Amino acid sequence: MDSHLIHDTDLSRRAMLAGMGGLAVAIALPLPVLAQNAPPAPPPLGAAAAGANAQVGMVTAHLVVKPDGKVVIISPTTEMGQGTHTAHAAIIADEVGVDFAAVSVETAIPADAYRWGGSMGSGGSQGVRRWNDHLRKGAAQARAVLIQAAANRWQVDPATVTLENGRLTHAPSKRSLGIGEVAEDAAKLTPPDNPPLRDPSTRRYVGKDIPRLDIPPKVRGETIYSMDFRLPGMLYACARLNPVFYGDVASFDAAPALKVKGVKKVVKITGGVAVVADSVWAAMKGADAVTVTMAPSPQDGINSAALTAAMIEGLGAATAIPATERGDLPAAMKAAAKTVTADYAVPYVCHAPMEVWSCTGLFKDGKLELWAPTQVQDRSRRTAASTLGIDAEAVTVNTLMLGGGFGRRLMDEGIPGAAQVAKELAGTPVKFFWRREDEFDRGYYRPAQMARLTASLDAKGQVTGMAIRISGPSMRAEFTPGSVKETDLDGSSVQDLSNLPYNLPNFKLEWARRHVRVTTAPWRAVGATHNAFFLECFIDELAAAAGKDPVAFRRQLLAGNKRALAVIDLVAAKSDWGKKLPKGHGQGIGFFASFGSLSAHVVEASVSDGQPKIHKVTTVLDCGDVVLPDGARSQMMGGVIMALSAGLYEAVTVKDGRAEQRNFDSYRLMRHSEAPPVIDVHFINSGEALGGVGEPGLPPTFPAVANALSAATGKRLRQLPLVEALQV
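These numbers come from a predicted model, not from an experiment. (Residues numbered from 1 in each chain as written. Predicted model: local features only at pLDDT ≥ 70, side-chain atom pairs only at ≥ 80, totals over all residues. Heavy atoms only, no water.)

**Description of the overall build of the chain**
Right, on to step 1. Tallying secondary structure elements over the chain gives 19 helices and 29 strands in all.
Right, on to step 2. Since a compact globule built from 728 residues should have a radius of gyration of about 27 Å, the 27 Å found for the chain is in line with a globular shape.
Right, on to step 3. Among the 728 residues that make up the chain, the fraction classed as buried is 59%.
Right, on to step 4. Restricting the contact set of the chain to residue pairs at least 6 apart, pairs at least 24 apart contribute 77%.
Right, on to step 5. Surface summary for the chain: the accessible area is close to 27200 Å², and the carbon and sulfur share equals 52%.
Right, on to step 6. In the chain, which carries 76 positive and 71 negative side-chain charges, the distance between the mean positions of the two groups comes to 1 Å. (Helix = DSSP H or I, 4+ residues; strand = E, 2+ residues; numbered from the N terminus. Rg over C-alpha atoms; globule rule 2.2 N^0.38 Å. Buried < 20%, exposed > 50% of the residue type's maximum accessible area, 1.4 Å probe, protein only. Contact = heavy atoms within 4.5 Å. Areas by Shrake-Rupley, 256 points an atom, 1.4 Å probe, with all protein chains shown as cover. Lys, Arg positive; Asp, Glu negative; His and termini not counted. Charge placed at Lys NZ, Arg CZ, Asp CG, Glu CD.)

Right, dumping it as structure tokens:
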């Protein structure tokens, strides 16, 4: 057994029966995932709820009309390359009736109008699907008051006024105004509660290939990321942290650091110290020079080998935390013509965004202003306030463009250091930053997990029952401390497994908590990534046991589910499933439902000298309707690449309470030359409720590539990363 959690499977019925426990019902939720309550009411749309974002010409909390007719959208979400701001611009431009070229987007400063469920943040592939209808309604309200303002000026019936291409027109009198000419008047009017919406057939931008707003400035090098952000007189603070999870320093000697030219001060911060200097280089040199004695920590003894052993024990433990159960599974197992059991394992993986953590802070007159690359504005605000002992209303968070998120910026562990340094140098702006090693040491990971799946087959090869036992640490226990008790189900560990689209009349799902205090948080697509790998690799094994083609076997399990079958059928057709392949090549399929969307991938791969090569990936996504096709295509391609990298190469191992991988020399990412030359993306516009786009492309990739490599080699691969599984 190595530290990447390899566990060979005992495919015996006895092993399966030993893992069965009692019943209950629970729900697997994506993140930030916290409870199964009634959905929160949408936030207010009125400009009165815009807080610090309020300005002249604001007709609703999300829409500002400038005197020249240009429109500024105040978005409630973080832009991190996923294209959400462009989608918001398209939604609002279509509904108001303005040219897309006249629209720009800014991220809101936290205020009630931008808080869904009481907090402003971006995650769970909610950027478009959560806000689409709400923004559309607000845009219709804006159109209504702009029309009313023009009608008032002309003293005509508003029903005779139209708004198209940013101009208000009264055809009977042949009068026309630009929206900027009545914006201030419109902002004083009360919008209707339920304005009429435009017919979708009139849309010019939603569902069309329109240019992304964020790409041209990136290409021109104009985008300001957090490390680029500057304020006059700004200093720089480099962190020197205890590399042990949640560790701190016992003492430090600032004298060696203060001898470095440019170093101004050494400040004690949460988890370590920060060296403040007049340049980034001086701050880094000072951080290397400062003498630090690390404090002992309860986490010092954590290691991957012990966690692996604990998770294996959890797979066979007599009891586990129940998630869901239906039918009579013991009876199905007893009557089975054949049973199949397989164990799977995934390691910790790091988000590894190209942008390491940095944040600029200015503490003045008892108030703190932050400029941060965050997905969680209100969480960051509360953390900063708590750190300094001030009211949250005294903290302002300005959101900068993220240089990669993937869930990493859902955490706020870098905020305390930024706040502490800013207060220590009150009146002077300070950029607080980590180095790459800190990002690996003190960052957050997708948790390691293991799974045991057992199924019963009848004489015709039909699945009559399935049991799934997940074993591993709780992500929520570290991401939202105190939110889950030791006896509670962590929904992220069993995410999207409770209500599978497959016909499984006898089914049991449970989780064995085997927790250690390694920092974990949502990683793009969260628990769906490992659960899709577990389930869909097992489905391939069941197809083999039944003597059936993997696609035909899935179609059998999805009988009657027209939406799911459409996804499977399209990916099979577009990938030319079952075609004659070059010698040594294999095709593999993965299908999964997550974040309200259905996605299926087919991978064609081969292995040469023990190294995998991905030749082609065919993907199909049904997210209801596609708002931004170019953005959705990019999200699917990027998701495939990220999942291929993680599935093939990535792993964090733990020794002595810290990550053994501390930079890209030891944390292996997919290289450009290893990326598939073809990623063929297709969409199904089913008209169902909007689903996510940023995350559903990842889960099916893991099993699709594993199944392709298994088909190419004839060897079942049940652990990630796959390059190591190929060597076993």
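Having put the structure on the table, let's press on.
**Thoughts on the sheet that holds strand 13 (residues 321–326)**
Right, on to step 1. The mixed open sheet is built from 5 strands, whose spatial order is 13-23-22-21-14. Whereas interior strands pair on both sides, the edge strands pair on one side only; in this sheet they are strand 13 and strand 14 (338–346). Ignoring which end each strand starts from, the neighbouring axes of this sheet average 10° apart.
Right, on to step 2. Pairing geometry for strand 22 (residues 463–472) and strand 23 (residues 507–513), over 7 bridges, is parallel. Bridge pairing in strand 23 links R469 to E510.
Right, on to step 3. Each of strand 14, strand 21 (449–457) and strand 22 touches helix 14 (residues 527–546); the most contacted strand, strand 14, lies at about 150° to it. (Pairing = 2+ DSSP bridges. Axes fitted to C-alpha atoms, helices over the stretch in contact; angles between N-to-C directions.)

**Notes on the nonpolar core**
Right, on to step 1. Counting 118 residues, the largest nonpolar core has M466 and L535 as the members making the most contacts within it.
Right, on to step 2. When residues of this core are sorted by domain, at least three fall in each of domain 2 (235–297 + 357–433) and domain 3 (305–349 + 446–727).
Right, on to step 3. Core analysis: the next-biggest nonpolar cluster, separate from the first, contains 41 residues, A89, A90, W154 and L177 among them. (Core = buried A, V, L, I, M, F, W, Y, C linked by side-chain atoms within 4.5 Å. Domains from an automatic or database assignment.)

**A few points about the packing of aromatic side chains**
Right, on to step 1. The tally for this structure, following the rule as stated, stands at 12 aromatic pairs.
Right, on to step 2. Judged by centre distance (5.5 Å) and plane angle (40°), the ring pair of F100 and Y205 falls under tilted. Of this pair, F100 sits in the loop between helix 2 (84–96) and strand 4 (103–107) while Y205 sits in the loop between helix 4 (183–187) and helix 5 (215–219), and the two are 105 residues apart along the sequence. Accessibility classification places F100 together with Y205 in one group, the buried group.
Right, on to step 3. Look at F440 and F664: their rings are 5.7 Å apart centre to centre, the planes differ by 85°, and that puts the pair in the edge-to-face class. Note that F440 is positioned in helix 12 (residues 436–442) and F664 in the loop between strand 28 (658–659) and strand 29 (678–683), a separation of 224 residues in sequence.
Right, on to step 4. The exposure class assigned to F440 is buried, which follows from its relative accessible area of 0%.
Right, on to step 5. F664 sits in the partly exposed class, given a relative accessible area of 27%.
Right, on to step 6. Taken together, the ring pairs connect F245, Y348 and Y445 into an aromatic cluster.
Right, on to step 7. Note that R379 overlies the ring of F479, its terminal NZ or CZ placed 4.8 Å from the centroid. (Phe/Tyr/Trp six-rings, centres within 6.5 Å; stacked < 30°, edge-to-face > 60°. Lys NZ or Arg CZ within 6 Å of the ring centre and 35° of its normal.)

**Digging into the side chain of R409**
Right, on to step 1. Position of R409 relative to the elements: it lies in the loop between strand 18 (395–399) and helix 11 (415–424).
Right, on to step 2. Residue R409 is classed as buried on the basis of its relative accessible area, which comes to 1%.
Right, on to step 3. Residue contacts for R409: discarding those within four places in its chain leaves P353, E355, V356, W357, P373, T374, Q375, V376, L402, G404 and E439.

**Details of the pattern of salt bridges**
Right, on to step 1. Taken as a whole and assessed by the stated rule, the structure comprises 32 salt bridges.
Right, on to step 2. Taking the shortest distance from any N to any O, the salt bridge between R115 and D378 comes out at 2.6 Å. Here the residue R115 occupies a position in the loop between strand 4 and helix 3 (132–154), and D378 occupies one in helix 10 (residues 377–388), the gap between them amounting to 263 residues.
Right, on to step 3. Look at R115 and you get buried, because its relative accessible area is 14%.
Right, on to step 4. What makes D378 buried here is its relative accessible area of 1%.
Right, on to step 5. Note that R554 and D540 form a salt bridge whose closest N and O atoms lie 2.8 Å from each other. Of this pair, R554 sits in helix 15 (residues 550–557) while D540 sits in helix 14, and the two are 14 residues apart along the sequence. (Salt bridge = Lys/Arg side-chain N within 4 Å of Asp/Glu carboxyl O.)

**Examining empty space enclosed by the protein**
Right, on to step 1. Counted by the stated rule, this structure contains 4 cavities of 30 Å³ or more.
Right, on to step 2. Around the second largest cavity sit R446, P447, M475, S492, S493, A521, P522, W523, V526, G527 and H530, which together line it.
Right, on to step 3. In terms of residue class, the lining of the second largest cavity is built from 6 nonpolar, 4 polar and 1 charged. (1 Å grid on protein atoms, 1.4 Å probe; cavity = no way out; pocket = protein on both sides within 12 Å on 5 of 7 lines; lining within 4 Å. Points joined across faces, edges and corners; volume = space filled by probe spheres on them. Nonpolar A, V, L, I, M, F, W, Y, C, P; charged D, E, K, R; others polar.)

**Let's talk about the domain arrangement of the chain**
Right, on to step 1. Split into domains, the chain comes out as domain 1 (58–217), domain 2 (235–297 + 357–433) and domain 3 (305–349 + 446–727).
Right, on to step 2. Relative to domain 3, the C-alpha centre of domain 1 lies at a distance of 40 Å.
Right, on to step 3. Buried area between domain 1 and domain 3, summed over both chains or domains, comes out near 1200 Å², and the portion from carbon and sulfur atoms is 58%.
Right, on to step 4. Together, S125, R129 and D209 form the three largest contributors to the area buried by domain 1 at its contact with domain 3, with a combined 40%.
Right, on to step 5. Seen at the junction of domain 1 and domain 3, the total is 1 salt bridge.
Right, on to step 6. At the surface where domain 1 touches domain 3, the tally comes to 5 residue pairs in polar contact (both at pLDDT 80 or more).
Right, on to step 7. Looking at which element gives the most residues to the side of domain 1 that touches domain 3, the answer is helix 2, with 3 residues. (Buried area = accessible area lost by both parts, 1.4 Å probe. Polar contact = N/O pair within 3.5 Å; in protein donor to acceptor, adjacent residues only side chain to side chain.)

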